[in-house]
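Residues per chain are reported as follows:
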Amino acid sequence: MSINTVMVIGAGQMGAGIAQVFAQSGIQVKLNDLQQDALDKGLSGIEKRLARAAEKGKMSAEDQTAAFNRLSGTTNLEDASDCDLVIEAVVENMDVKTKVFQQLDKITPKHAILASNTSSLPITEIAAATNRPSQVIGMHFMNPVPVMKLVEIIRAIQTSDETYQAIEDMTKQLNKSPVEVEDFPGFVSNRILMPMINEAIYTVYEGVASPEDVDTVMKLGMNHPMGPLTLADFIGLDTCLYIMEVLHEGFGDSKYRPCPLLRKYVKAGWLGKKSGRGFYSYE
């Protein structure tokens, strides 16, 4: 199928990044958010990133202007009525996501594909909330979206081959690298990454090494570009805890038990870079 008009729901860091890469790839994009101030912030961020790319010679001034002109903002979900693809990038909460998908199911054209950017929640359950489960799929972009090449494409048990192929083709059009993933808790990326981060937190919790030394071991010894505890701070410790809880509940395996120190930091409001303090101080 042909995808000409796209809506991205959620104008936060992920949603705005997704909207940007679609606009840069020549596709008309509507960026939606319930809050006008969040929408304005998302669009402003895209404008600044495009301007920076042009200043660095990564795109021409003409391409910069053309990309931004393909974007429009809206606080009205009804504006998805003419979209071929809608990508949801709202908060990681199943009740919120299923409600959005139920609304989209009524608003969008019958042919439209509904995708979720969830990092861990089951696509199969999201699909079951609609009357078009074969047209529901996961598109898990990596952060920061304009930079990172990977997109995990998650097939629900109901996802049709036609839907999968359309999204794989679209991902390549975005100059991204698609990876096909079956619908299991955490998919591939977070099923591997989050337990590693959780184990790094355990080494601090058990007094094996300091956060700085744990990160140094992984950077210099394993050639990771960023240590796991620095990465956890950038992701957000609340997000890390939430994904570990999804893995623990989904698999019922004690190896996914969140570290008590991670829970303690989240309860203290030490969420990482966004709160000014996590395993490191950012104040």
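This text goes with the structure placed above it.
This write-up is about the structure you can find in this document. (Residues numbered from 1 in each chain as written. Predicted model: local features only at pLDDT ≥ 70, side-chain atom pairs only at ≥ 80, totals over all residues. Heavy atoms only, no water.)

Points about the side chain of Asn198
With respect to the secondary-structure elements, Asn198 resides in helix α7 (residues 189-205). Accessibility expressed as a relative area gives 2% for Asn198, which makes it buried. Aside from chain neighbours lying at most four places away, what touches Asn198 is Met244, Arg257, Pro258, Cys259 and Leu262. (Helix = DSSP H or I, 4+ residues; strand = E, 2+ residues; numbered from the N terminus. Buried < 20%, exposed > 50% of the residue type's maximum accessible area, 1.4 Å probe, protein only. Contact = heavy atoms within 4.5 Å.)

Considerations on unusual backbone geometry
Here the amide bond leading from Asn143 into Pro144 is cis, since omega sits at 0°, within 30 degrees of zero. One can find Pro144 in the loop between β6 (136-141) and β7 (150-155). In the Ramachandran plot, Phe187 falls in the positive-phi region, its phi being about 55° despite a non-glycine side chain. As for its position among the elements, Phe187 is in the loop between β8 (177-182) and α7. The phi torsion at Asn223 lies on the positive side, around 65°, for a residue other than glycine. Relative to the elements of secondary structure, Asn223 occurs in the loop between α8 (211-222) and α9 (228-235). The class of Asn223 is exposed, set by a relative accessible area of 67%.

Regarding the side chain of Thr118
Relative to the helices and strands, Thr118 is located in the loop between β5 (113-116) and α5 (123-128). Here the side chain of Thr118 touches Glu92 through a polar contact of 3.0 Å, side chain to side chain. Within the local environment of Thr118, its side chain forms a polar contact with the backbone nitrogen of Leu121, the two atoms lying 2.9 Å apart. Excluding its chain neighbours within four sequence positions, the residues that come into contact with Thr118 are Glu92, Lys97, Ile123, His140 and Phe187. (Polar contact = N/O pair within 3.5 Å; in protein donor to acceptor, adjacent residues only side chain to side chain.)

Let's talk about the pairing of β8
Sheet topology note: the β7/β8 ladder contains six bridges and is parallel. Bridging across to β8, Val151 finds its partner in Pro178. The handedness of the β7 to β8 crossover, carried by helix α6 (residues 161-173), is right-handed. (Pairing = 2+ DSSP bridges. Right-handed = clockwise from strand over helix to strand, strands pointing away.)

A short note on the sheet that holds strand β4 (residues 85-88)
Strand pairs in the sheet, formed through backbone hydrogen bonds, run parallel or antiparallel to each other. What the eight strands build is an open sheet, ordered β3-β2-β1-β4-β5-β6-β7-β8; its pairing is mixed. Looking along the sheet, the strands with just one partner apiece sit at the ends: β3 (71-74) and β8. Each adjacent strand pair in this sheet contributes to an overall mean axis angle of 25°, direction not counted. As paired elements, strand β1 (residues 5-9) and strand β2 (residues 28-32) share five bridges and run parallel to each other. Considered in β2, the bridge of Val6 is made with Val29. (Axes fitted to C-alpha atoms, helices over the stretch in contact; angles between N-to-C directions.)

Regarding the pattern of salt bridges
Applying the stated criterion across every chain yields a total of nine salt bridges. Across the pair Glu92 and Lys97 runs a salt bridge whose closest N-O atoms are separated by 3.3 Å. Among the salt bridges present, the one from Lys274 reaches Asp238, with a minimum N-O distance of 2.9 Å. Taken together, the residues span a long stretch of sequence, with Lys274 in the segment after α11 (260-268) and Asp238 in helix α10 (residues 237-251) at a distance of 36 residues. By relative accessible area, which is 55% here, Lys274 ends up exposed. Where salt bridges share partners, they join Glu88, Glu92 and Lys97 into one cluster. (Salt bridge = Lys/Arg side-chain N within 4 Å of Asp/Glu carboxyl O.)

Looking at α10
Helix length check: α10 (15 residues) gives 21 Å between terminal C-alpha atoms against 21 Å at 1.5 Å per residue, within 8%. Turning to α10, its buried residues are Leu237, Cys240, Leu241, Ile243, Met244, Val246 and Leu247. In this structure, the buried side of α10 is in contact with α7, α9 and α11. Immediately beyond the C-terminal end of α10, within one or two residues, lies Gly252, with a positive phi of roughly 60°. (Expected span 1.5 Å × (residues − 1).)

Focus: the packing of α7 against α8
At a closest axis distance of 9 Å, the pairing of α7 and α8 adopts a crossing angle of 135°. Relative to α8, α7 is oriented oblique. In this structure, α7 meets α8 at a crossing whose hand is right-handed. Of the residues in α8, those in contact with Met196, Ala200, Thr203 and Val204 of α7 are Pro211, Val214 and Met218. (Parallel < 35°, antiparallel > 145°, perpendicular 65-115°, else oblique. Left-handed = near helix turned anticlockwise from the far one by under 90°.)

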